[in-house]
Amino acid sequence: MTIFSDQLSAGGLSMIQSMRYYLSEHPSVVNFRWSHSQSWGNTWSFLFTSIAAYVIISVFLHLLLHLLFRHRRPLPLGPIPAFHSLSMVVISLTVFAGILVSAAAEIRETRWFWRRNKTTTFQWLLCFPLGTRPSGRVFFWSYIFYLSRFLHTLRTFFTIIRRRKLSFFQLFNHSILIFMSFLWLEFSQSFQVLAILLTTSLYSVVYGYRFWTAIGLPSACFPFVVSCQILLLGCNVVCHVGVLLLHFMKGGCNGIGAWVFNSVLNAAILFLFLNFYVKVHLRNRKVKETENLHCVKNKDI
């Protein structure tokens, strides 16, 4: 029994070490550089072309389905949405684990330098030192997160095909997520480590919920996805305030220009989310009042 438990613990330790190696010590991770020769999709032309193509294809698909299948039921997609949600859960958890382990490795290796500048771990997570370049472990996982945003846009096409709806907010939100992820890498923007940790953790929950409902299990009695997204944006707002304070207290944070632009975009997304949330709440409240009134009339009869 003791030999078996020792073998089991040794196997578990070996697995953890293997995962740590592939997440933070593999040469592809350690030697990563955001450059034209090593990184696919890192040019401004690719960014604007891909976003424009996403918007054009979405509008074209919406118009085409509206013309061809105006009076028909939504087209069935089978298990594709469920498979997409499950894939996004796996990707989100992988990026979360990767950037968490990589950030811990970076902190361990550079802590001696921070002591000279009186910088804490939390300050580094919010505010990169001036002169930080987009290379190494953390930026590798930031790059993987950037690429995963393109897979995220497939939700738009699912919505168009199944519901015949094209939302401006959905197009805007997905396009801005791609654009912001690009800015993180292009300008080595501060705060991206915490932003990716928050986003991937909540998105793993959101897509897990979408997978749950896609396979026919019961959904929540409140707008679960919207609530999670508002929570994420609220956390981002709080962290943005911390970045601003550290920028003036510590003598500057790297990529502050891109950070200001991202803050404006985050504020716009938060406003649109709150507006949508209030509309949904008022609509549900009106439906409940109508149902209660109908029940009262039936009792009177």
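- Looking at an unreviewed UniProt entry, the protein carries the name Histone deacetylase, with the source organism given as Datura stramonium.
- Quoted verbatim from the Subcellular location (unreviewed entry) field of the UniProt record, the comment on the protein reads "Membrane".

## Considerations on the state of the cysteines
Then step 1. Across all of its chains, the model carries one disulfide by this definition.
Then step 2. A sulfur-sulfur separation of 1.9 Å characterises the disulfide bridge that pairs Cys127 with Cys253. Sign of the S-S torsion, about -115° for the bond between Cys127 and Cys253, identifies this disulfide as left-handed. Of this pair, Cys127 sits in the loop between helix H5 (121-126) and helix H6 (137-152) while Cys253 is found in the loop between helix H10 (224-249) and helix H11 (256-300), placing the two residues 126 residues apart along the sequence.
Then step 3. Exposure remark for Cys127: the relative accessible area of 9% places this residue in the buried category.
Then step 4. Here Cys235 is not cross-linked by a disulfide; its sulfur's nearest cysteine counterpart is in Cys239, at 6.7 Å.

## Some remarks on the environment of Ile230
Then step 1. Inspection of the secondary structure puts Ile230 in helix H10.
Then step 2. Through-space distance from the C-alpha of Ile230 to that of Leu270 is 6.9 Å; in sequence the pair is 40 residues apart.

## A word on the environment of Thr213
Then step 1. Assignment of secondary structure puts Thr213 in helix H9 (residues 192-214).
Then step 2. Remark: the alpha-carbon pair of Thr213 and Ala82, spanning 131 residues in sequence, is separated by 8.4 Å.
Then step 3. For Thr213, the residues in contact, after removing those within four places along its chain, are Pro218 and Ser219.

## Notes on the pattern of salt bridges
Then step 1. On inspection of all chains with the given rule, the structure shows two salt bridges.
Then step 2. Of the charged contacts in the structure, one is a salt bridge between Glu106 and Arg137, with a shortest N-O distance of 3.2 Å. With Glu106 in helix H4 (residues 80-117) and Arg137 in helix H6, this pair connects stretches of sequence that are 31 residues apart. This pair shows no difference in class: Glu106 is buried, exactly as Arg137 is.
Then step 3. Linked by salt bridges that have partners in common, Glu25, Glu106 and Arg137 make up one network.

## Let's talk about the side chain of Ser175
Then step 1. Along the chain, the position of Ser175 falls in helix H8 (residues 168-186).
Then step 2. Ser175 sits in the buried class, given a relative accessible area of 11%.
Then step 3. In this view, Ser175 contacts Ile51, Tyr54 and Val55; residues no more than four positions away in its chain are not counted.

The rules behind the values
- Residues numbered from 1 in each chain as written.
- Predicted model: local features only at pLDDT ≥ 70, side-chain atom pairs only at ≥ 80, totals over all residues.
- Heavy atoms only, no water.
- UniProt positions renumbered as here; feature names shortened; annotations may be inferred.
- Disulfide = S-S within 2.5 Å.
- Helix = DSSP H or I, 4+ residues; strand = E, 2+ residues; numbered from the N terminus.
- Buried < 20%, exposed > 50% of the residue type's maximum accessible area, 1.4 Å probe, protein only.
- Contact = heavy atoms within 4.5 Å.
- Salt bridge = Lys/Arg side-chain N within 4 Å of Asp/Glu carboxyl O.

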